[in-house]
Amino acid sequence: MFRNTIIVLMMALSFAFVSNAQDGLKRPERESNARALRENVDSLQVLVDSLRDVIIINDSISAANLSAIAVLEEDMKKDSLRMAAILDSLRGEIVEQNAEIAYFQRYAGFLDTCMVKLANRWLYEKFDKEAVEEAISYFDWMYSSQLKSELSIVQRLLKDYEKSYKEFQSILKDAQDDIERESPFAVDGYRKRYLDRLAGMEYYRQYYNSDWSIRYLDRQIDDAIEILENHSDTKPADFEPLIDFNINF
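Residues numbered from 1 in each chain as written. Predicted model: local features only at pLDDT ≥ 70, side-chain atom pairs only at ≥ 80, totals over all residues. Heavy atoms only, no water.

A. Geometry of the overall build of the protein. A tally of regular secondary structure across the protein gives eight helices and zero strands. Counted from the first residue to the last, the protein has its helices and strands arranged as α-α-α-α-α-α-α-α. Across the protein, every contact between residues at least 6 apart in sequence was considered, and the portion connecting residues at least 24 apart equals 67%. For the protein, the computed accessible surface area is about 16900 Å², with 56% contributed by carbon and sulfur atoms. (Helix = DSSP H or I, 4+ residues; strand = E, 2+ residues; numbered from the N terminus. Contact = heavy atoms within 4.5 Å. Areas by Shrake-Rupley, 256 points an atom, 1.4 Å probe, with all protein chains shown as cover.)

Set out below in structure tokens:
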């Protein structure tokens, strides 16, 4: 519509100019001017044709741009749908993973409890260096830092087991080798001396017969105390059943 209007206006102006010019001139002059006007008209026609080509090209570019925009919009819609599908898939995976994590956390809690029970069992057994060291290492495998902290007393007792056991064995050997053990004149002094040494043990002061203790060592101390309390000039104390001759000091 726009380009047609331009062409019509330009042609009308050209013809008007020719008509007006011819009215006031002689024939030769009119013919000369007519030729010039025809040339101008021809030039104008070339210009119009060029303008028409430009307009056609611009229309083509505009159409191509509109087509590209439509394609982009369609791609955006498709991308939006794909993104929505990906997000839905990710949400589903997150839900599944959270369920798996919750399951493994419960399972890890069960394993932690088993580890503590296995470690604690060696507090009921005669001291075995390798077994106790392995039990101590169980705490490094535990998942729950809270449970590990709450039951750290078990690990601490295991770490103290060797030192406490050796101190107790040292007292028994000293009591067994004491020359006053069989003296009828030193019964009370002998009994008191070794009862005091047992009571003075670091383990005895901190853990003996408490809620958390080395149960095996508690029983050994109980037996040693009973032997000392029954010590007399006719029945001297004998600690050989309690002495661990394999222990190295």
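B. Seen up close, the pattern of salt bridges. For the coordinates displayed, the defined rule picks out 12 salt bridges. Here Glu162 makes a salt bridge to Lys166, at a shortest N to O gap of 3.1 Å. Of this pair, Glu162 and Lys166 both sit in helix α5 (residues 152-177), four residues apart, which is roughly one turn of that helix. On the basis of relative accessible area, Lys166 is assigned to the partly exposed category, the value being 23%. Salt bridges sharing common partners tie together Lys129, Glu133, Glu162 and Lys166. (Salt bridge = Lys/Arg side-chain N within 4 Å of Asp/Glu carboxyl O. Buried < 20%, exposed > 50% of the residue type's maximum accessible area, 1.4 Å probe, protein only.)

C. Structural view of helix α3 (residues 129-137). Turning to α3, its buried residues number three or more, namely Ala131, Val132, Ala135 and Ile136. In a view along the axis of α3, the buried residues occupy a sector of 140°, so they form one face of it. (Arc of directions from axis to C-beta.)

D. Layout of unusual backbone geometry. Positive phi outside glycine occurs at Asn209, with the angle close to 55°. Mapping Asn209 onto the fold places it in the loop between α7 (202-206) and α8 (215-229). For Asn209, a relative accessible area of 49% puts it in the partly exposed group.

E. Spotlight on the packing of aromatic side chains. Here the structure, examined in full by the defined rule, presents seven aromatic pairs. Note on Tyr190 and Tyr194: the rings are 5.0 Å apart at their centroids and 55° apart in plane angle, and the pair reads as tilted. In this pair, Tyr190 and Tyr194 are both assigned in helix α6 (residues 187-199), four residues apart and thus about one turn of the helix distant. Here the two residues Tyr190 and Tyr194 agree in accessibility, since each one is buried. Aromatic ring contacts, followed pair by pair, group Phe127, Tyr161 and Tyr165 into a single cluster. Positioned above the aromatic ring of Trp122, the side-chain terminus of Arg121 is 4.5 Å from the ring centre. (Phe/Tyr/Trp six-rings, centres within 6.5 Å; stacked < 30°, edge-to-face > 60°. Lys NZ or Arg CZ within 6 Å of the ring centre and 35° of its normal.)

F. Looking closely at a negative patch on the surface. A cluster of acidic residues, Asp222, Asp223, Glu226 and Glu229, forms a negative patch on the protein surface. Checked against the element boundaries, Glu229 lands in helix α8. (Patch = residues over 30% accessible without salt bridge, like charges linked within 9 Å, V, L, I, M, F, W, Y side chains within 5 Å. Lys, Arg positive; Asp, Glu negative; His and termini not counted. Charge placed at Lys NZ, Arg CZ, Asp CG, Glu CD.)

G. Representation of the packing of α6 against α8 within the structure. Orientation of α6 relative to α8, taken along the N-to-C sense of each, is 165°, at an axis distance of 9 Å. The pairing of α6 with α8 is recorded here as roughly antiparallel in orientation. Seen from above, α6 lies across α8 with left-handed handedness. Between α6 and α8, the residues in contact are Tyr190, Arg191, Tyr194, Leu195 and Leu198 and Ala224, Ile225, Leu228 and Glu229, respectively. (Axes fitted to C-alpha atoms, helices over the stretch in contact; angles between N-to-C directions. Parallel < 35°, antiparallel > 145°, perpendicular 65-115°, else oblique. Left-handed = near helix turned anticlockwise from the far one by under 90°.)

H. Representation of the environment of Tyr161 in the model. Examined against the element boundaries, Tyr161 turns out to sit in helix α5. Linking Tyr161 and Trp122, residues 39 residues apart in sequence, is a C-alpha distance of 9.6 Å. Setting aside residues no more than four positions away along its own chain, Tyr161 makes contact with Trp122, Glu125, Lys126, Phe127, Val132, Ile214 and Tyr216. In terms of polar contacts, Tyr161 uses its side chain to reach the backbone carbonyl oxygen of Glu125, at 2.5 Å. (Polar contact = N/O pair within 3.5 Å; in protein donor to acceptor, adjacent residues only side chain to side chain.)

I. Representation of the side chain of Arg181. Mapped onto the elements, Arg181 comes out in the loop between α5 and α6. Judged by its relative accessible area of 13%, Arg181 is buried. Reaching out from Arg181, the side chain makes a polar contact with the backbone oxygen of Ala237 at a distance of 2.7 Å. Setting aside chain neighbours within four positions, we find Arg181 in contact with Ala175, Gln176, Tyr190, His231, Pro236, Ala237 and Asp238.

Everything listed here is a matter of coordinates, which is why it stays silent on function.
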